[in-house]
Amino acid sequence: MLTSCANSPTKSQENFFAMDTYMTVEAYGENAEKAVLEAKEAVVNLEKLLSVNDENSEIYAVNHGKSPDLSEETFDLITLSLDIAEKTHGAFDPTVYPITVAWGFTTDEKHVPESGEIVSLLEKVGYEKAAVSGKKVVLQEGMKLDFGGIAKGYASDKCAEIMRENGVESAIINLGGNVYAIGKRPDGNLWRIGVADPSGEGVEDRAGLLSVSDCAVVTSGNYQRSFTQNGITYGHIIDPKTGYPADNDLLSVTVVAADGTLCDALSTALFVMGLEEAEKFCRENGGFDVILIAKDGEIYVTEGLSDKFTSERTVHTIS
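All of the points below concern the structure found in this document. (Residues numbered from 1 in each chain as written. Predicted model: local features only at pLDDT ≥ 70, side-chain atom pairs only at ≥ 80, totals over all residues. Heavy atoms only, no water.)

To continue, consider the packing of helix 1 (residues 32-50) against helix 3 (residues 72-87). Viewed as axis vectors pointing N to C, helix 1 and helix 3 meet at an angle of 70 degrees, and their least axial separation amounts to 10 Å. Classed by the angle they form, the pair helix 1 and helix 3 counts as roughly perpendicular. Where helix 1 abuts helix 3, its residues L46, L49 and L50 lie against E73, T74 and L77. Looking at side-chain class alone, the contact of helix 1 with helix 3 contains 4 nonpolar, 1 polar and 1 charged residues. (Axes fitted to C-alpha atoms, helices over the stretch in contact; angles between N-to-C directions. Helix = DSSP H or I, 4+ residues; strand = E, 2+ residues; numbered from the N terminus. Parallel < 35°, antiparallel > 145°, perpendicular 65-115°, else oblique. Contact = heavy atoms within 4.5 Å. Nonpolar A, V, L, I, M, F, W, Y, C, P; charged D, E, K, R; others polar.)

In structure tokens:
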């Protein structure tokens, strides 16, 4: 879809459904239309490689005991996933899929599994059990990979790369809440991205606003997908160590970095860690910034966002 006016750059936008979510790619400039169509095609092609349900996908083959030579994209994502899993000591783990299935988060039949089932399934979880050799990955019996916690971030990086290759200097990529901002807005201002208030008590349910350029912004929290059973609410982000939904003092984690893949995986990992461990991880590692919203309503941000994040609440700096 193209729109234009005399004093503004050409705009191109594609809205589509992929990776189980609605996506929008919007770009401005001479090659905007070409870049947007290429970005959409790249996302659709990635889904064909990574879908756990498509019998023709590479991940489906791996999950069902086959060991095909993997495409460059699939192998790259597996390598990145296992690397982040190791760095986060398993707080992010692409092998947790069997437990996610047991909880029903992949279907409309969400329920609390029997404790014995969870104990049994935990034996099939563990990133260190995935063997990578050449262009192949081999899993132990019963193990399954899923990239729901990292694939959209990886796809956003591919879209951003396509924008830059086409000379696009202003674009906003929103892949189901995984946002990547290219350059600045057409009017020269920074892109402004709202950070959701999981408690629903903020202005228009926003905890604050981020002003950014040339980076990804990804938020994770169990408020996004959950169900209630016997008066207890269970979220979709599973702690790989316990087999139960992460339940700690955090409501949400937003990660900001030039690397969308890292943002996507880290937002999940830091949420699983909880506030204290997440702060510690941030202090000990660089290359990204975070916004942590705690259950008590307090907001914590790294120093790199101190002049980019605005909120009506008190904001504490992680230093």
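Following the criterion strictly, the structure yields 7 aromatic pairs and no others. Both rings, one in W103 and one in Y234, keep their centres 5.3 Å apart while their planes meet at 45 degrees; by these two values the pair is tilted. Of this pair, W103 sits in the loop between helix 4 (97-102) and helix 5 (115-122) while Y234 is found in strand 12 (residues 232-235), placing the two residues 131 residues apart along the sequence. When sorted by exposure, W103 lands in the same class as Y234, which is buried. (Phe/Tyr/Trp six-rings, centres within 6.5 Å; stacked < 30°, edge-to-face > 60°. Buried < 20%, exposed > 50% of the residue type's maximum accessible area, 1.4 Å probe, protein only.)

Right, let's talk about helix 8 (residues 275-284) for a bit. Those residues of helix 8 that fall on the buried side of the exposure criterion are L275, A278, E279, F281 and C282. For helix 8, the angular spread of the buried residues around the axis is 160 degrees, confining them to a single face. Of the residues in helix 8, the exposed ones pointing more than 90 degrees away from the buried face are E276 and E284. Considering only its buried residues, helix 8 is in contact with helix 3, strand 13 (250-257), helix 7 (260-273), strand 14 (289-294), strand 15 (299-302) and strand 17 (315-318). (Arc of directions from axis to C-beta.)

It is worth spelling out the nonpolar core at this point. Counting 74 residues, the largest nonpolar core has V43, F147, M163, I173, L270, F288 and L292 as the members making the most contacts within it. In this structure, F147 is in contact with L50, I59, L77, I78, S81 and P94, ignoring residues within four places of it in sequence. Within the second largest apolar cluster, 19 residues are counted, among which are Y28, I172, A181 and F309. (Core = buried A, V, L, I, M, F, W, Y, C linked by side-chain atoms within 4.5 Å.)

Right, let's talk about a negative patch on the surface for a bit. On the surface, a cluster of negative charge is made up of D249, E276, E277, E284 and D296. You can see E277 is positioned in helix 8. A relative accessible area of 40% places E277 in the partly exposed class. (Patch = residues over 30% accessible without salt bridge, like charges linked within 9 Å, V, L, I, M, F, W, Y side chains within 5 Å. Areas by Shrake-Rupley, 256 points an atom, 1.4 Å probe, with all protein chains shown as cover. Salt bridge = Lys/Arg side-chain N within 4 Å of Asp/Glu carboxyl O. Lys, Arg positive; Asp, Glu negative; His and termini not counted. Charge placed at Lys NZ, Arg CZ, Asp CG, Glu CD.)

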